[in-house]
Amino acid sequence: MAIERTLSIIKPDAVAKNVIGEIISRFEKAGLCIAALKMMKLTRQQAEAFYGVHRDKPFFDDLVEYMISGPVVVQVLEGENAIAKNRELMGATNPKEAAPGTIRADFADSIDANAVHGSDSPETAAQEIAFFFKDDEIFPRFD
Ligand code: IDP
């Protein structure tokens with residue numbers, strides 16, 4: 001299995017609930033390493049660009065408002081099969097459908113405020129990582 005990188009965001013609702021550490025701990029316990037990390041408040045422009053693929057969806061405006069409503073923690077996770085592993089740990093987009101024990105089942109409030117983001121493919125992972133981090137801000141953990 002190849003070592004991959006993926007972008008994870010701990011969203012404003014989870015930061016407000018003070019569960020940053022609990023969420024990061026789940027990544028580490030599952031064998032994923034933190035290769036980069038920062039806390040930041042997204043600008044409207046950043047949130048609109050990051051979720052640009054959803055621009056035409058009815059939930060786009062609410063999603064942008066929510067993503068700029070408070071600070072987020074943005075991380076690069078590195079490890080074997082990191083993209084799928086992170087999606088598995090996150091659970092389904094709608095916390096009502098998320099499997100028990102997943103991050104969204106345990107910490108998300110609703111389909112809008114759903115605690116975490118994770119890249120869904122190698123292509124989006126590369127784009128999303130470059131959106132937030134310069135190369136020299138990422139520290140390989142598996143070299
Ligand atoms: P994902 O975060 O599980 O990859 P996406 O379909 O990429 O899900 O959607 C991005 C984000 O947009 C979701 O995490 C959620 O916050 C929001 N979202 C998706 N679908 C809906 C919806 O039907 N209503 C409200 N918000 C939604």
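Residues numbered from 1 in each chain as written. Predicted model: local features only at pLDDT ≥ 70, side-chain atom pairs only at ≥ 80, totals over all residues. Heavy atoms only, no water.

Looking up the protein in an unreviewed UniProt entry gives the name Nucleoside diphosphate kinase, with the organism given as Methylomarinovum tepidoasis. According to its UniProt record, the protein has this under Subunit (unreviewed entry): "Homotetramer." Of the protein, the UniProt comment under Function (unreviewed entry) reads exactly: "Major role in the synthesis of nucleoside triphosphates other than ATP. The ATP gamma phosphate is transferred to the NDP beta phosphate via a ping-pong mechanism, using a phosphorylated active-site intermediate." (UniProt positions renumbered as here; feature names shortened; annotations may be inferred.)

Trainee: When you look at the pattern of salt bridges in this model, what are you seeing that I'm missing?
Mentor: Two side chains of opposite charge can pair, provided their charged atoms sit close to one another. As enumerated under the stated definition, the model contains 4 salt bridges in all. One salt bridge in this structure joins Glu78 and Arg5, with 2.7 Å as the shortest N-O distance. Within this pair, whereas Glu78 is found in strand β3 (residues 72-80), its partner Arg5 is found in strand β1 (residues 3-10), the two being separated by 73 residues in sequence. Its relative accessible area of 4% is what places Glu78 among the buried residues. By relative accessible area, which is 30% here, Arg5 ends up partly exposed. Salt-bridge contacts for Glu65 lead to Arg44; the nearest nitrogen and oxygen are separated by 2.8 Å. Linking Glu65 in helix α4 (residues 60-67) with Arg44 in helix α3 (residues 44-50), this pair joins segments that are 21 residues apart in sequence. (Salt bridge = Lys/Arg side-chain N within 4 Å of Asp/Glu carboxyl O. Helix = DSSP H or I, 4+ residues; strand = E, 2+ residues; numbered from the N terminus. Buried < 20%, exposed > 50% of the residue type's maximum accessible area, 1.4 Å probe, protein only.)

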